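Inside the fold
Now for the letters of each chain:
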Amino acid sequence: MPLVSVRSVLPPGLRLNAVARVFGCLGLLAVGLLCVLSQSAVAGRFDYELRPRQVAPDTWLVEGRRESFSTTNGGNIVNVAFIVTDAGVVLFDTGPSLRFGQQLRHAIARITDKPVVLVINSHAHPDHFLGNQAFADVSIGALSGTTTQITQNGDSFATSLYGLTGDWMRGTEVVVPAELPPDNPLILGGHRLRFLAFEGHTGADLVMLDETTGVLFAGDLVFYQRALTTPQTPGLAHWRAELDQLAQLDYRLLIPGHGPLDDTRQAINQMQDYLAWLDATLSRAARQGLTMTQVMALPIDPRFDAISLTRYEFSRSVAHLYPGYEEAAF
Amino acid sequence: MTIRSRQRPLSFARLGLCLMLGLPATLPAAEPGSVASGGQGSSVAGPAAPDLITPNALQDPLDSPLWDYLRQRFIGDDTYLFDPLVKVHVPPFAEDPSQVPVSVDARALAGRVERMVIWADFNPIQHIVTAYPQSDQVEPQLSLRIKVEQGTPVRAAVLTRDGIWHVGGSYLDAAGGGCTAPSMAAGDPYWESHLGEIQARRFAAPDGVLAHGGARYKFRVIHPMDTGLVSGIPEFYIEQAQLRGANGVALMRLELSPPVSENPVLTFDTGNTRNVRLWMRDNNGNEFETAVSAQAEGG
């Protein structure tokens with residue numbers, strides 16, 4: 001009798017007869033077997049193949065692809081870089097996912113046995129900070145505007161990255177950065193690091209200049225050979241004015257947020273050129289009364305042909321910015 | 001007209017959408033009878049008869065499972081054809097699903113255009129706008145921005161005077177969420193004190209857009225265009241608009257639905273008109289009207 005009463009409280013789906021139980025067990029076994037078999041494949045499939053490359057004394061770059069987010073690249077479209085100081089490693093940006101952060105940490109450990117002592121998030125775009133989780137035991141610093149944006153939008157950024165890259169994102173959760181070190185410049189392990197606050201790309205964009213090596217970690221204030229993105233820019237004129245300031249800095253090597261290293265001072269010029277063209281194109285289109293779909297189909301000056309994703313990012317920028325130009329033209 | 005055999009793909013998805021919309025689940029089943037009616041009846045082949053050949057069934061170039069249902073709803077059993085002369089311009093993807101630009105252009109059609117019905121197949125509210133050109137002083141063309149809930153075909157069915165519908169369409173890729181996200185206005189009281197404010201401007205014909213010295217009129221009106229699909233925010237949208245020329249002559253009449261984006265931007269192309277006005281009324285009975293001032297011209 002007690003058994004019967006137990007059975008009667010089970011939900012209907014659990015009242016399996018013997019045949020179903022046997023098949024159920026076989027099914028579970030099959031699922032288990034599949035898991036075991038696929039795990040090795042998955043490990044290979046979700047390898048970002050991060051290969052840090054030394055680009056200056058103590059300075060290493062992990063260069064991302066010049067692509068947009070996809071299930072193939074898993075979000076590895078971003079540059080992250082680190083400085084191996086005598087007092088430990090300073091890491092500039094953490095990549096798009098937990099897996100990326102973990103693999104980055106392993107890659108750093110293959111180069112130095114020094115611990116990571118400081119992590120910097122340049123800004124609040126998901127490809128730059130969603131690897132934070134792998135460095136949750138380290139002090140992570142960012143501009144206060146970045147911290148606010150990550151607190152507000154981090155989860156929805158992570159959600160959309162799940163949609164764009166799929167299982168590469170598994171387990172990724174937002175770790176909100178804290179404040180920057182109080183010293184500026186920060187003298188750490190033989191490196192003098194200056195932090196500079198800008199706004200042109202997202203409203204809170206951090207640039208780090210290593211005055212010891214002359215390396216400028218520009219974050220997404222500078223894209224090079226990869227079309228710039230505009231979803232949160234406070235305005236193209238604002239961005240251009242800040243690029244003028246950036247060009248005044250005493251640096252020898254610029255690490256852009258996306259694209260190759262620049263030791264010829266070309267990256268900022270390319271940014272200025274494209275931003276000026278974009279601004280002029282959108283202004284003229286608005287004055288002529290073009291509709292947004294017409295603007296998206298406008299020709300792009302061939303001098304930007306070598307920049308990857310220009311057409312794609314141009315139509316995104318039209319969506320972000322053209323309504324403002326249209327309003328100004330009324 | 002083509003003859004083809006067809007199966008009914010994704011009928012479960014169709015049913016699911018109907019259920020989601022609160023429509024009777026029997027709606028799709030009502031279609032078989034329409035095979036006999038009209039010249040272009042929908043073809044229905046149940047899963048049991050996958051190779052049934054139905055005469056006069058046109059293959060939807062966008063292969064949407066909702067085509068027959070929505071065709072029935074918007075143009076009934078009228079004669080239609082898929083016509084590449086009806087251009088529906090959409091971006092390659094919806095960067096902002098609450099503000100997707102759409103331009104419909106039926107100028108290439110020979111016959112006079114009487115009506116243009118624009119909809120998005122996979123939106124929870126499919127109908128976007130119906131435009132009735134009422135004068136040869138206005139082009140059968142309309143640009144506006146819309147909300148989409150997911151990737152969807154965007155259609156324009158254009159009725160010419162001979163009674164034939166010319167159907168154009170484009171597929172819009174989107175991640176989704178434009179219809180069921182609250183309007184920006186819902187979080188910002190700005191609209192309350194600016195409701196119905198209209199910005200308007202006449203543009204000399206942009207290069208390659210209009211010939212013979214025509215004019216373009218662009219309007220932007222402050223309105224939340226709430227869909228009613230967000231909890232606690234009732235449907236509140238502009239449902240009628242009319243473009244009027246000199247002496248109040250009607251140029252084009254519009255019937256709008258909530259998928260038109262918040263703070264609608266409407267673009268019309270006309271002949272060399274002057275003194276154009278736009279009149280609008282929302283579903284709460286508020287009326288708005290503006291004239292385009294002569295000074296606000298540009299080129």
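It should be emphasised that the depicted structure is a prediction, and the values quoted were computed from it without experimental measurement. Within each chain, residue numbers correspond to sequence positions counted from 1 in written order. Each chain gets a letter, beginning with A, and each ligand a number, beginning with 1, in the order they are written. Side-chain atom pairs in this predicted model are given and counted only at pLDDT of 80 or more, local residue features only at pLDDT of at least 70, and totals for whole chains, interfaces and linings cover all residues. Only heavy atoms go into the side-chain values, all of them from the structure, while hydrogens and water stay out.

1. Let's talk about the overall build of chain A
Looking only at helices and strands, chain A features nine helices and 12 strands. To sort residues, take the accessible area from a 1.4 Å probe on protein chains only and compare it with the maximum for the residue type: under 20% means buried, over 50% means exposed, and anything in between is partly exposed. Classification of the 330 residues of chain A by burial places 51% in the buried group. Across chain A, contacts joining residues at least 24 apart in sequence account for 66% of those joining residues at least 6 apart. Only the protein chains shown count as covering a residue, and every accessible area follows the Shrake-Rupley method with a 1.4 Å probe. Summing over all exposed atoms, chain A offers an accessible surface of approximately 14700 Å²; the carbon and sulfur share of this is 56%. Numbering of helices and strands starts at the N terminus; helices are DSSP runs of H or I of at least 4 residues and strands are runs of E of at least 2. Only heavy atoms enter the contact rule, under which two residues are in contact if any of them lie within 4.5 Å.

2. Some details on the overall build of chain B
When helices and strands are tallied, chain B shows three helices and 18 strands. Of all 299 residues assigned to chain B, the portion counted as buried reaches 53%. Counting contacts in chain B only where the partners sit at least 6 residues apart, residues at least 24 apart contribute 69% of the total. For chain B, the accessible surface area stands at approximately 12500 Å², while carbon and sulfur atoms represent 52% of it.

3. Remarks on the nonpolar core
Nine residue types can take part in a nonpolar core, namely buried Ala, Val, Leu, Ile, Met, Phe, Trp, Tyr and Cys, and a core is a set of them joined through side-chain atoms within 4.5 Å. Counting 49 residues, the largest nonpolar core has Met116, Phe219, Leu243, Leu254 and Phe268 of chain B as its most contacted members. In terms of nonpolar packing, the next biggest core, distinct from the first, is built from 43 residues, Leu196, Leu249, Tyr274 and Tyr322 of chain A among them.

4. Remarks on the packing of helix α6 (residues 236–247) of chain A against helix α7 (residues 267–288) of chain A
Residue and element names in this part refer to chain A. It is the contact of α6 with α7, at a shortest axis distance of 10 Å, that shows an interaxial angle of 160 degrees. As far as their axial angle goes, α7 and α6 are roughly antiparallel. Both α6 and α7 take part in a crossing whose hand is left-handed. Residues Leu236, Trp239, Arg240, Leu243, Asp244, Leu246 and Ala247 of α6 lie in contact with α7, whose contacting residues are Ile268, Met271, Gln272, Leu275, Ala276, Leu278 and Asp279. Note on residue classes: Ala, Val, Leu, Ile, Met, Phe, Trp, Tyr, Cys and Pro are nonpolar, Asp, Glu, Lys and Arg are charged, and everything else, Gly too, is polar. Of the residues that constitute the contact of α6 with α7, the class distribution is 10 nonpolar, one polar and three charged. Interaxial angle, 0 to 180 degrees, is taken between N-to-C directions of lines fitted to C-alpha atoms, where a helix line uses only the stretch in contact. With respect to orientation, any angle under 35 degrees is reported as roughly parallel, any angle over 145 as roughly antiparallel, any angle of 65 to 115 as roughly perpendicular, and every other angle as oblique. It is the rotation of the near helix from the far one that decides the hand of a crossing: anticlockwise by less than a right angle makes it left-handed, clockwise makes it right-handed.

5. Remarks on the interface of chain B and chain A
With 27 residues of chain B at the contact, the number on the chain A side is 21 residues. At the boundary of chain B with chain A, total buried surface from both sides reaches about 1800 Å², with 58% on carbon and sulfur atoms. In terms of surface lost to chain A, no three residues of chain B exceed Glu95, Arg145 and Lys218 of chain B, which account for 28% of the buried area on that side. Every case where a carboxyl oxygen of Asp or Glu lies within 4 Å of a side-chain nitrogen of Lys or Arg is listed as a salt bridge. The tally of links between chain B and chain A comes to four salt bridges. Polar contacts here mean pairs of N or O atoms no more than 3.5 Å apart (in protein, one a potential hydrogen donor and the other a potential acceptor; neighbouring residues in sequence count only if both atoms are side-chain atoms). Here chain B is connected to chain A by 10 residue pairs in polar contact (both at pLDDT 80 or more). Mapped by element, the contributors of at least two residues to the side of chain B that touches chain A are β5 (100–105), β8 (141–146), β11 (198–204), β12 (215–221) and β15 (265–270) of chain B. Element by element, the count of residues in the side of chain B that touches chain A is highest for β11 of chain B, at five residues. Computed with a 1.4 Å rolling probe, the buried area is the accessible surface lost when two parts are put together, summed over both parts.

6. Regarding the packing of aromatic side chains
All names here are of chain B. Classification of ring pairs uses Phe, Tyr and Trp, with its six-membered ring standing for Trp, and accepts pairs whose centres are within 6.5 Å; under 30 degrees between planes counts as stacked, over 60 as edge-to-face, and the remaining range as tilted. Scanning the model with the defined rule gives 17 aromatic pairs over all chains in all. Ring centres of Trp67 and Trp119 lie 6.2 Å apart, and the angle between their planes is 20 degrees; this geometry places the pair in the stacked category. Of this pair, Trp67 sits in helix α2 (residues 67–75) while Trp119 sits in strand β6 (residues 113–120), placing them 52 residues apart in sequence. For Trp67, a relative accessible area of 0% translates into the label buried. Their ring planes at 70 degrees and their centres at 6.0 Å tell us that Phe219 and Phe268 sit as a pair that is edge-to-face. Of this pair, Phe219 sits in strand β12 while Phe268 sits in strand β15, and the two are 49 residues apart along the sequence. Take Phe219: its relative accessible area is 1%, and that puts it in the buried class. Note on Phe268: relative accessible area 0%, which makes it buried. Among the aromatic residues, ring-to-ring pairing joins Trp67, Phe74, Tyr80, Phe82 and Trp119 into one connected group. We call a charge positioned over a ring when the NZ of a Lys or the CZ of an Arg lies within 6 Å of the ring centre and within 35 degrees of the ring normal. A cation over an aromatic ring shows up here: Arg253 above the ring of Tyr132, its NZ or CZ 4.1 Å from the ring centre.

7. Some points on the pattern of salt bridges
As enumerated under the stated definition, the model contains 24 salt bridges over all chains in all. For Glu327 of chain A, the salt bridge goes to Arg220 of chain B, with nearest N and O atoms at 3.3 Å. Of the two residues, Glu327 of chain A sits in helix α9 (residues 310–329) while Arg220 of chain B sits in strand β12, which places them in two different chains. Taking the relative accessible area as the measure of exposure, Arg220 of chain B reaches 15% and is therefore buried. The salt bridge partner of Arg161 of chain B is Glu114 of chain B, with a shortest N-O separation of 3.7 Å. Separated by 47 residues along the polypeptide, Arg161 of chain B in the loop between β9 (152–160) and β10 (165–172) and Glu114 of chain B in strand β6 bring together distant segments of the chain. The exposure class assigned to Glu114 of chain B is partly exposed, which follows from its relative accessible area of 33%. Here the residues in one salt-bridge network are Arg226, Glu313 and Arg316 of chain A together with Glu95 of chain B, joined through shared partners.

8. A look at the pairing of strand β11 (residues 215–223) of chain A
Residues and elements named next belong to chain A. Most of β11 is tucked away, with nine of its nine residues classed as buried. Note on pairing: DSSP must find at least two bridges between two strands before they are called paired. Sheet analysis places strand β10 (residues 205–210) next to β11, joined by three bridges and oriented antiparallel. The residue bridging Leu209 from the neighbouring strand is Leu216, located in β11. The sheet contact formed by β11 and strand β12 (residues 253–258) spans five bridges and is parallel. Note that in β12 the partner of Phe217 across the bridge is Ile255. Seen with its strands pointing away from the viewer, a crossover is right-handed if its path from the first strand over the helix to the second goes clockwise. With respect to chirality, the unit in which β11 leads through α6 into the neighbouring parallel β12 is right-handed.

9. What to know about unusual backbone geometry
Residue and element names in this part refer to chain A. Here the bond from Asn184 into Pro185 is cis, since omega is 5 degrees, no more than 30 degrees from zero. With respect to the element layout, Pro185 can be found in the loop between β7 (178–179) and β8 (186–188). For Gln225, which is not glycine, the phi dihedral falls at a positive 60 degrees. Take Gln225: it is sitting in the loop between β11 and α6. Non-glycine residue Arg265 carries a positive phi angle of around 60 degrees. Following the sequence through the fold, Arg265 ends up in the loop between β12 and α7. On the basis of relative accessibility, which here comes to 33%, the residue Arg265 falls in the partly exposed class.

10. What about α7 of chain A?
Three or four residues apart is the spacing at which side chains of an α-helix point the same way, because the helix has 3.6 residues per turn. Here, expected helix span is obtained from the residue count minus one, scaled by 1.5 Å. A rise of 1.5 Å per residue sets the reference length of α7 of chain A, with its 22 residues, at 32 Å; its end C-alpha atoms lie 32 Å apart and thus fit the reference within 8%. The positive-phi residue at the C-terminal boundary of α7 of chain A is Gly289 of chain A, with phi of around 80 degrees.

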